[in-house]
Amino acid sequence: MAGYDELTEKERKKIDEKSGYFIINSKEEIFNLTEEQLKEKLKIKNLDLKYPFKVIRQYGEKKKLSPYYKFIEDNYLSNKINITTFNTIKYTTIVLLTLVAVILKIKLIKKRKDRDK
């Protein structure tokens, strides 16, 4: 592999975007920050990246929700449940209802076969 100095500008930019700290939000994309630069940008003294999702939740922007999820969040979700939990519940319910439908269909087929004998 070639040294960093021997790389083309395009290759260097690609490496720089994937190294160091970065900030991406709706207003800007900043790559290859040092820890001190990141602390300065976020206006924090201590940077604990043991739990990165905590930092993202604290300093990140709220995702834009589709109208469906915005309606659900505004009207049905309490502060104790979030969209991820709602989706988990929704998909679990769909799977369970599908499973019940399959079981009922199998029982119906067996019942018809027994009746036809």
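Here, the structure is the one placed above.
Residues numbered from 1 in each chain as written. Predicted model: local features only at pLDDT ≥ 70, side-chain atom pairs only at ≥ 80, totals over all residues. Heavy atoms only, no water.

> Which parts of the structure should I look at to understand the overall build of the protein?
The secondary structure content of the protein amounts to 5 helices and 2 strands. The order of α-helices and β-strands along the protein, N terminus first, is α-β-β-α-α-α-α. If you take every contact in the protein between residues at least 6 apart in sequence, the share linking residues at least 24 apart comes to 7%. Approximately 11000 Å² of the protein is accessible, and the part contributed by carbon and sulfur atoms is 57%. (Helix = DSSP H or I, 4+ residues; strand = E, 2+ residues; numbered from the N terminus. Contact = heavy atoms within 4.5 Å. Areas by Shrake-Rupley, 256 points an atom, 1.4 Å probe, with all protein chains shown as cover.)

> How do you make sense of the nonpolar core when you look at a structure like this?
Note on soluble globular proteins: their nonpolar side chains tend to be buried together. By size, the foremost hydrophobic cluster in this structure holds 6 residues: Ile 23, Ile 30, Leu 33, Leu 38, Ile 44 and Leu 47. With residues up to four places along the chain from it excluded, the contact list for Leu 33 reads Gly 20, Tyr 21, Phe 22, Ile 23 and Leu 38. (Core = buried A, V, L, I, M, F, W, Y, C linked by side-chain atoms within 4.5 Å. Buried < 20%, exposed > 50% of the residue type's maximum accessible area, 1.4 Å probe, protein only.)

> How should I be thinking about a positive patch on the surface in this particular structure?
Together, Lys 105, Lys 111, Arg 112 and Arg 115 give the surface a local cluster of positive charge. Relative to the assigned elements, Lys 105 resides in helix H5 (residues 83–116). Classification of Lys 105 by relative accessible area gives partly exposed; the value is 48%. (Patch = residues over 30% accessible without salt bridge, like charges linked within 9 Å, V, L, I, M, F, W, Y side chains within 5 Å. Salt bridge = Lys/Arg side-chain N within 4 Å of Asp/Glu carboxyl O. Lys, Arg positive; Asp, Glu negative; His and termini not counted. Charge placed at Lys NZ, Arg CZ, Asp CG, Glu CD.)

> Just checking my understanding: could you explain a nonpolar patch on the surface for this structure?
The grouping of Leu 96, Leu 99 and Ile 103 at the surface amounts to a nonpolar patch, some 270 Å² of accessible area in total. The topology assignment puts Ile 103 in helix H5. Overall, the relative accessible area of 39% leaves Ile 103 in the partly exposed class.

> Please explain unusual backbone geometry as it appears in this structure.
Where the residue is not glycine, phi is negative for most of them; where a peptide bond is considered, it is trans in most cases. The phi torsion at Lys 43 lies on the positive side, around 55°, for a residue other than glycine. In this structure, Lys 43 sits in the loop between helix H2 (35–42) and helix H3 (52–59).

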